[in-house]
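An overview of the molecular structure
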Amino acid sequence: MSASTKYDVLFEPVPIGPVTAPNRFYQVPHCNGLGHARPFAEARNRGIKAEGGWGVVSTQEVEIHPTAEVSPFQEGRLWDDKDIPYHRMTTEAIHEHGALAAIELVHMGHHASNRSSRLAPLSAVHMPVDSIDPVNARAMDKKDIANLRQWHVDAAIRSMQAGYDIVYVYAAHNMSILMHFLQARINNRSDEYGGSVVNRLRLTREILEAVKDAVGHRCGVAFRLAVDELMGADGIQAREDGREIVTELAELPDLWDVNISDWSNDSATARFQPDEGYQLPYTDFVKSVTSKPVVGVGRFTSADKMVAMVKKGQLDFIGAARPSIADPFLPNKIREGNLDLIRECIGCNICVASDNIVAPIRCTQNPTQGEEWRKGWHPESIEPATGNEQILVVGSGPAGLESALQLAERGYQVMLAEASDQPGGRSLKESRLPGLSSYKRVADYRIGLIKQHRNIALHLGNKLSANDIHETDISHICLATGAHWCGNGFGRTHHDEIDLARAKLAILTPDDLIENIPSTSNHNLVEGIDPASSVLVYDDDHYYMGGVIAEYLQEQGFNVTLATTESIVSGWTVNTLEQEKIQSRLLSKNVMLHTSKFLSVVDGYSVELACTYGGSSIQSDFSAIVMVTSRLPDVELYKQLQKLLPTDALNQGSKSLRCIGDCYAPSTIAAAIYQGHQYARTFGLGSDSYSIDYKREIIDLRE
Ligand code: ADP
Ligand code: SF4
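Structure report, in brief. (Residues numbered from 1 in each chain as written. Chains lettered and ligands numbered in written order. Predicted model: local features only at pLDDT ≥ 70, side-chain atom pairs only at ≥ 80, totals over all residues. Heavy atoms only, no water.)

Before going further, it helps to spend a moment on the site of ligand 2. Taken together, the neighbourhood of ligand 2 is formed by 13 residues, with C345, C348, N349, C351 and C363 sitting nearest. The biggest single contributor to the shell around ligand 2 is helix α12 (residues 322–326), with three residues. Residues that form the shell around ligand 2 fall into these classes: eight nonpolar, four polar and one charged. (Near = heavy atom within 4 Å. Helix = DSSP H or I, 4+ residues; strand = E, 2+ residues; numbered from the N terminus. Nonpolar A, V, L, I, M, F, W, Y, C, P; charged D, E, K, R; others polar.)

Strands pair in a sheet through their backbones, by hydrogen bonds, and they do so in one of two ways: parallel or antiparallel. If you trace the five strands from one edge of the open sheet to the other, you get β20-β27-β21-β22-β23, paired in parallel fashion. Here the strands that pair on one side only, and so sit at the sheet edges, are β20 (506–508) and β23 (592–594). The sheet shows a mean angle of 20° between the axes of neighbouring strands, direction not considered. With three bridges joining them, strand β22 (residues 559–564) and β23 adopt parallel strand pairing. The partner of A563 across the bridge, within β23, is H594. (Pairing = 2+ DSSP bridges. Axes fitted to C-alpha atoms, helices over the stretch in contact; angles between N-to-C directions.)

Take the sheet that holds strand β26 (residues 618–621) next. Spatial strand order, β24-β25-β26: three strands in an open sheet with antiparallel pairing. Only two strands of the sheet have a single partner each, and these edge strands are β24 (597–603) and β26. Here the strands of the sheet are splayed against their neighbours by 25° on average, with no regard to which way each runs. Two elements, strand β25 (residues 606–611) and β26, share four bridges in a ladder whose sense is antiparallel.

Once that is clear, we can look at the pattern of salt bridges. Should their charged atoms come close, side chains of opposite charge can pair. Taken as a whole and assessed by the stated rule, the structure comprises 37 salt bridges. For R115, the salt bridge identified is with D133, shortest N-O distance 2.8 Å. Of this pair, R115 sits in the loop between β6 (100–106) and β7 (122–123) while D133 sits in the loop between β8 (127–128) and β9 (136–139); the two residues are 18 residues apart in sequence, bridging distant segments of the chain. D662 is the salt-bridge partner of R631, the closest N and O atoms lying 3.1 Å from each other. With a gap of 31 residues between them, R631 in strand β28 (residues 631–633) and D662 in the loop between β29 (656–659) and α25 (669–682) connect regions that are remote in the sequence. Residue class for D662 comes out buried when judged on its relative accessible area of 8%. Linked by salt bridges that have partners in common, K142, R189, D191 and E192 make up one network. (Salt bridge = Lys/Arg side-chain N within 4 Å of Asp/Glu carboxyl O. Buried < 20%, exposed > 50% of the residue type's maximum accessible area, 1.4 Å probe, protein only.)

Looking now at the site of ligand 1. The environment of ligand 1 is made up of 21 residues, and the closest members are A399, E418, R426, L464 and D662. Contact distances for ligand 1 include 2.5 Å between an oxygen atom and a side-chain N or O atom of E418. Protein contacts shield 89% of the accessible area of ligand 1, which totals 590 Å² for the unbound molecule. Taken together, the elements giving at least two residues each to the shell around ligand 1 come down to α15 (398–410) and α16 (425–430). Its residues placed into classes, the shell around ligand 1 shows nine nonpolar, eight polar and four charged. (Polar contact = N/O pair within 3.5 Å; in protein donor to acceptor, adjacent residues only side chain to side chain. Areas by Shrake-Rupley, 256 points an atom, 1.4 Å probe, with all protein chains shown as cover.)

What follows is the structure, encoded as structure tokens:
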């Protein structure tokens, strides 16, 4: 028997109605873009979480009826008996490792536009759907209400038949009809289902009771509730109606799963909620109102904090979506005392973005996420080496660190050379920007493990030339030399360089600024530029960098204007649920925003911003422009080596030369990590990068 530790409390079994969770680690429902379209991948993805020690593993949202379906998004589906077998694959994969399987049943009401079923959406009242689809939802009459109760019951029974241990009733994220009924700002019905809190929660109560009657003898019935919408009096508030709802229903569910709404608040990025446990101020009252177990979330990764929360009586279960994505083996690592092996979530929401772009889940920290079934990747194991080759990895950004680490895990001898005196590349550099400090975890986690490997030699301050590399006797070269921001405006809008010949103002890139950040004095920030002068940030990139640079410069005392070719600021961050928060923050910091504008003329200190739709232009003087337009790969070394290395040996495979990460094609940090991982996984296996190297789930052609 293992010796007791201070973390034992996290491994106590906890009853949930008629079932018992083996420990307090609870993977709350989260989307993964696999769902009903990719059932094998779904089952494997959830099964690995159970293998990693999560005591409860939940599905994502599971649609219970075609009156609320969110196609083209790939969530779960349990419309009729035909869907039971694929769910059974998931429950079996979870049960194989002794965990409980939970299913989040949902009717999304006016959050769904029913693009596939073409049925009219339902809601508490007549109103437009959440999306900008030109579709209205219909106010539910008494027959609809009776139907909704029955659909929940039918789906709960099917869930039980599929083997689920916990069945959810769901009123969170502003994405469920039950939540819409709870919201005073929406539910102005004049019947017994609208008006007072007791009336507004009547439908939820009826459904909870009906589901308990139907499956409560075999399954725990969980209720997921957003106790606060962070909208003040305009929304549900933890101190007001949120508390009243919990008090009214206190002992009815077997488990309370509580969070804050909407999804952008529940899954807040580290940029906007840097602290672990950021939801507790809203959710920790729940335990004082009910005797039933409570699960809550808040990007928990610290074992000590988890213990403290349980001991203080704030939560019974450590809920996690993102920490379980970044590290499916987090519970086992805590149990085994391997805290330094935990791959901590960085709060970037690339995982969330994959759902929003209708792609299979991916994660910055965990490149195996979503690849468990189709590529057979396991987050904690990798094929052993097929030979005894030595590999030189050049560059220790995310791509270089991941490839070096995984090659070493496989047993290869690795030399990792880094020009700078600190490893980490862009993850380290960008972590100096406001709100991005957690990006350093990408480097820290990998460097920590690299130091434990005797078969990696890390050489810092070692900028290698093509000749240096040629002169080593290492046959296999992996270049991870990164990329640089263009200073000439080249990007999506300007396929040619912008004419800057008459410019007198300084032309800078994010690289120029980030390099100077360690010295916090703004005098060093941009040499020769008056710290109080006006600076233009020109964003044709649309991810986080333009907005972050604007925020940073404003904090440093500059007078900042952000112009973007998109109609909103940092447009792609809609997918990471940050866009509205970024635009609001910049406005609150008095950054001047010009949307739908492109840089047309730069003359002296004067800049003309033209309207992308042909409207009027704006002209202003600036002392500098920061070009956030696009990045180009640093491939010089690759080109030189191609000339130096013997073609025969490269063709025969006795030598190899590969570019990975940003120096192959600049993209997200997640993509660089993924490529580094892919390179290491496939090294020596002779796979070519354009072969279809994953299994596909082909539609069964029987009707
Ligand atoms: P990626 O995201 O693809 O990992 P990064 O830009 O984060 O790329 O990292 C690239 C790293 O490569 C940087 O830390 C840089 O200092 C290093 N580097 C670039 N050229 C060389 C070189 N010739 N020798 C050693 N290190 C290099
Ligand atoms: Fe965390 Fe980012 Fe991974 Fe999501 S993608 S789990 S936020 S590290």
